[in-house]
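# Structural description and commentary
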Amino acid sequence: MKVSLRSTYGIMAAVDLAMQGGSAPIQAKTIARRQGIPARFLEQVLHAMKKAGLISSLRGAQGGYVLSKKPSDVSIAEILEALEGPFLRMTELNGRPHLPTKSEALLAKVWDQVYEAERHVLEAITVEDLAGQQRQIEQQRSLMYHI
C-alpha cells in the first residue's frame, strides 16, 4: 500500500490535535510548525478532513481546528478515506465486467485477503493510539537530552 504525503500529513495533523487534548482550537500554522508540514498544503488537507466531518473549525482570533470526535473514535482508515477516497479491492479497480485473465483469476482471492487484512489493520489503529506512541517518543527524546 502506498500512502500519499497528503494522507501522512492528515494523520500527523489529527495526532497533533489529539495530543493537545481538544481543550482549545489549534491554528493550522501552529500544527504546520510543530509537524514540519508546509502550511498551505496543510490547509488543503485540513479542509478535506473538515469536509469529511473528522475535524471542525472555529473562526476568529482564537479560532483553529479541533477533532470532531474523540481520538479513540477516529481510525486511520477514516482519515485515509477522507483524503484519498474509498478503499477499492483489486477486482474493483477495473470498473467494467470482463473475463478475467489467468493471473487475475489465480490471484483474485489473494488480493482480496490482502485487502481485508490491510483494512482490518487500518481500522484498528486510532488517532489516540498514535498520540500515545508520539507521547512516548517525545518522552524518550526529552530524557536523552537530560543525560
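Before any of the text, the structure's been laid out above.
Criteria and cut-off values
- Residues numbered from 1 in each chain as written.
- Predicted model: local features only at pLDDT ≥ 70, side-chain atom pairs only at ≥ 80, totals over all residues.
- Heavy atoms only, no water.
- Helix = DSSP H or I, 4+ residues; strand = E, 2+ residues; numbered from the N terminus.
- Buried < 20%, exposed > 50% of the residue type's maximum accessible area, 1.4 Å probe, protein only.
- Polar contact = N/O pair within 3.5 Å; in protein donor to acceptor, adjacent residues only side chain to side chain.
- Contact = heavy atoms within 4.5 Å.
- Core = buried A, V, L, I, M, F, W, Y, C linked by side-chain atoms within 4.5 Å.
- Phe/Tyr/Trp six-rings, centres within 6.5 Å; stacked < 30°, edge-to-face > 60°.

Another aspect to go through is the side chain of Asp16. Here Asp16 shows up in helix H1 (residues 5-19). Residue classification places Asp16 among the buried positions, given a relative accessible area of 2%. Side-chain polar atoms of Asp16 contact the side chain of Arg34, separated by 2.7 Å. Apart from residues lying up to four places away in sequence, Asp16 is in contact with Ile26, Ile31, Arg34 and Gln35.

Bringing the nonpolar core into the picture now. The biggest cluster of nonpolar side chains holds 32 residues, and the ones touching the most others in it are Ile79 and Val127. Counting residues per element, the ones that place at least two in this core are H1, helix H2 (28-35), helix H3 (39-51), strand S2 (64-67), helix H4 (76-84), helix H5 (102-124) and helix H6 (127-145). Element by element, the count of residues in this core is highest for H1, at seven residues.

This part takes up the packing of aromatic side chains. The description of an aromatic ring pair rests on the distance of the ring centres and on the angle between the ring planes. On inspection of all chains with the given rule, the structure shows one aromatic pair. Geometrically, the ring pair formed by Tyr9 and Phe41 is edge-to-face, given 5.4 Å between the ring centres and 75 degrees between the ring planes. In this pair, Tyr9 is assigned in helix H1 and Phe41 in helix H3, connecting sequence segments 32 residues apart. Residue class for Phe41 comes out partly exposed when judged on its relative accessible area of 26%.

Purely spatial values, then, with no claim about function.
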